[in-house]
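One letter stands for each residue in the lines below.
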Amino acid sequence: MKQIVEVTIPVFPECWSSCGNCGRGEVTVDDVPMAEGSYVERDETILVLETGKVALDIPSPCRGEVVAILVKPGDRVEEREVVMLLET
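About the criteria used
Residues take numbers from 1 onward in each chain, read along the sequence in its written order. Only residues with pLDDT of at least 70 get local features here, since the model is predicted, and only at 80 or more are side-chain atom pairs given and counted; chain-wide, interface and lining totals rely on the full set of residues. Hydrogens are left out, water is left out, and the side-chain values use all remaining heavy atoms of the structure. We treat two strands as partners when DSSP finds at least two bridges between them. Only DSSP runs of H or I with at least four residues qualify as helices, and only runs of E with at least two residues qualify as strands; both kinds are numbered from the N terminus onward. Here a residue-residue contact requires only that any non-hydrogen atoms of the pair lie within 4.5 Å. Working definition: with a 1.4 Å probe on protein chains only, accessible area under 20% of the residue-type maximum means buried, over 50% means exposed, and in between means partly exposed. Within this document, salt bridges are pairs made up of a side-chain nitrogen of Lys or Arg and a carboxyl oxygen of Asp or Glu, the two lying within 4 Å of each other. We define a nonpolar core as any set of buried Ala, Val, Leu, Ile, Met, Phe, Trp, Tyr and Cys residues linked to one another through side-chain atoms lying within 4.5 Å.

Note that strand β4 (residues 45-52) and strand β5 (residues 55-59) share five bridges and pair antiparallel. Bridge pairing in β5 links V48 to D57. Linking β4 back to β5 in an antiparallel pair, the connection comprises two residues.

This next bit is on the sheet that holds strand β6 (residues 64-69). If you walk across this open sheet you meet the four strands as β1-β7-β6-β3, and the pairing is antiparallel. Lying at the two open borders of the sheet, with one neighbouring strand each, are β1 (4-8) and β3 (39-40). As defined by bridge partners, β6 adjoins strand β7 (residues 82-87) across four bridges and the pair is classed as antiparallel. When the bridges of β7 are listed, E65 appears paired with E87.

Attention now moves to the side chain of S60. Mapped onto the secondary structure, S60 falls in the loop between β5 and β6. Those residues within four positions of S60 in sequence are excluded, and the remaining contacts are V40, E41, R42, D43, E44, I46 and L86.

Turning to the environment of E87, a few remarks are in order. Mapped onto the elements of the fold, E87 is located in strand β7. The exposure class of E87 is partly exposed, given its relative accessible area of 25%. Sequence separation between E87 and C62 is 25 residues, and the spatial gap between their C-alpha atoms is 9.3 Å. In this structure, E87 is in contact with K2, Q3, I4, R63, G64, E65 and V67, ignoring residues within four places of it in sequence.

With that settled, the discussion passes to the pattern of salt bridges. A pair can form between side chains of opposite charge whenever their charged atoms are brought close. Inspection of every chain in the model, using the stated rule, returns four salt bridges. Between R76 and E26 there is a salt bridge whose closest N-O contact spans 4.0 Å. Of the two residues, R76 is situated in the loop between β6 and β7 and E26 in strand β2 (residues 23-31); the sequence distance between them amounts to 50 residues. You can call E26 partly exposed: its relative accessible area is 46%. Across the pair E41 and R63 runs a salt bridge, and its minimum N-O distance is 3.6 Å. Residue E41 is located in the loop between β3 and β4, and its partner R63 is located in the loop between β5 and β6; the two are separated by 22 residues in the primary sequence. Note on R63: relative accessible area 58%, which makes it exposed. Overlapping salt bridges bring together E26, R76 and E78 as one network.

Here we come to the nonpolar core. Core analysis: the biggest nonpolar cluster contains 20 residues, and L47, L49, V77, V83 and M84 have the highest contact counts within it. Secondary structure elements with two or more residues in this core: β1, β2, β4 and β7. Setting aside residues up to four positions removed in sequence, M84 forms contacts with V5, E6, V7, V32, I46, V66, A68, I69 and L70.

Fair warning: the whole summary comes from geometry, so function is off the table for now.
Below, the structure is given as structure tokens:
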């Protein structure tokens, strides 16, 4: 049985708000190496985020087909924001 999985931005580490060394408040999409209709494997990089000092690869939570990409490079993202839909 197929189902739709929402891919969300993970919760940012607590140290980002206190230290500021890695994250500087604004997290943006640097790259989306997938296209709608692509098939991805679990743990394959589906999104790259930029924090100002650190690039962060976001892995796929499961194997499936990309049915919708809800962000594009340059978009600002927030914790728990849905950025992609996968059909498993």
